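One-letter residues, chain by chain:
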Amino acid sequence: VCLAVSFAVLLALPESSGAPACGCGGKLGVRGRLRGGVRVRWVNLGSLVGRPTRNYGETDINFYLRIFKFGRSRRAFYSKVFQPFKDEDESDYVNRINFIFTRVYPKLDCRYNRKYAAYLDKYYTALYARREDESDEEWFSRVLTRTTEDDEEYLAKVENLKQFFTDVDWNKVQIDVKSKTGFILLSSNTSGSSTRSVEDESDSSDTIT
């Protein structure tokens, strides 16, 4: 009986009295951004997931190795990695994912794998968010310019971008892994057909008479 009474009193206590707060009433982290030219909101769906405590003297790599242990299920691992912490904004979130797949688990990098596209939505739309007043051509040049990806990784990245950024006119670009940048911008002529916007320069020279 005493135990039941004590429990009832504890439930009635306000948070300021020292009773543990679960944080369930906290608001989702919201921040404006652009996606495909349309203003959308950054909603931190991991707002109820607290960041684990770092051990004294623990490096970033050891910290992430400890809290994101790879087990039998690769999908369970990715679900945990891509879940935002409650104190993360867009920049923090993107930087953490980049660090994990370049410094901590480079061999488990799923960012360029279409098989795991379902986990990439929040990360890709935050990383490649379209800037205000940015044209399609400017966005293509910034986002599609190839860096260190091999052909397979680059093509997977492009397919994922097409899935998440449906408001971009993909008819304005031609993907070409043989080109230096990985793509060719196209321009539409009056007949409605598309031509290369960057043409090869001829080797013709001035004629001397």
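So, how was this worked out
Residues numbered from 1 in each chain as written. Predicted model: local features only at pLDDT ≥ 70, side-chain atom pairs only at ≥ 80, totals over all residues. Heavy atoms only, no water. Axes fitted to C-alpha atoms, helices over the stretch in contact; angles between N-to-C directions. Helix = DSSP H or I, 4+ residues; strand = E, 2+ residues; numbered from the N terminus. Parallel < 35°, antiparallel > 145°, perpendicular 65-115°, else oblique. Contact = heavy atoms within 4.5 Å. Nonpolar A, V, L, I, M, F, W, Y, C, P; charged D, E, K, R; others polar. Phe/Tyr/Trp six-rings, centres within 6.5 Å; stacked < 30°, edge-to-face > 60°. Buried < 20%, exposed > 50% of the residue type's maximum accessible area, 1.4 Å probe, protein only.

1. A short note on the packing of helix α2 (residues 60-67) against helix α4 (residues 90-104)
In a packed pair of helices, the relevant descriptors are the angle between the two axes and the axis-to-axis distance.
Then step 1. Contact pair α2 / α4: the axes reach a minimum separation of 11 Å and the direction vectors enclose 95°. Viewed along their axes, α2 and α4 adopt a mutual orientation that is roughly perpendicular. Across the interface between the two elements, D60, I61, Y64 and L65 of α2 pack against R96, F99, I100, R103 and V104 of α4.
Then step 2. Looking at the contact of α2 with α4, its residues break down into 6 nonpolar, no polar and 3 charged.

2. Digging into the packing of aromatic side chains
Each aromatic ring pair is specified by the distance between its two centres and by the angle formed by the two planes.
Then step 1. On inspection of all chains with the given rule, the structure shows 20 aromatic pairs.
Then step 2. Between Y78 and F101, the aromatic rings sit 6.2 Å apart at their centres with planes inclined by 55°, giving tilted as the arrangement. Residue Y78 is found in helix α3 (residues 74-81), and its partner F101 is found in helix α4; the two are separated by 23 residues along the sequence. The residues Y78 and F101 share a single accessibility class, namely buried.
Then step 3. Taking the centre distance of 4.9 Å and the plane angle of 65° together, the rings of Y78 and Y116 count as edge-to-face. Of the two residues, Y78 is situated in helix α3 and Y116 in the loop between α4 and α5 (121-127); the sequence distance between them amounts to 38 residues.
Then step 4. Residue classification places Y78 among the buried positions, given a relative accessible area of 1%.
Then step 5. Residue classification places Y116 among the buried residues on the basis of a relative accessible area of 8%.
Then step 6. By the ring-pair criterion, three or more aromatic residues cluster together here, those being F70, F77, Y78, F82, F101, Y105, Y116, Y119, Y123, Y124, Y128 and F164.

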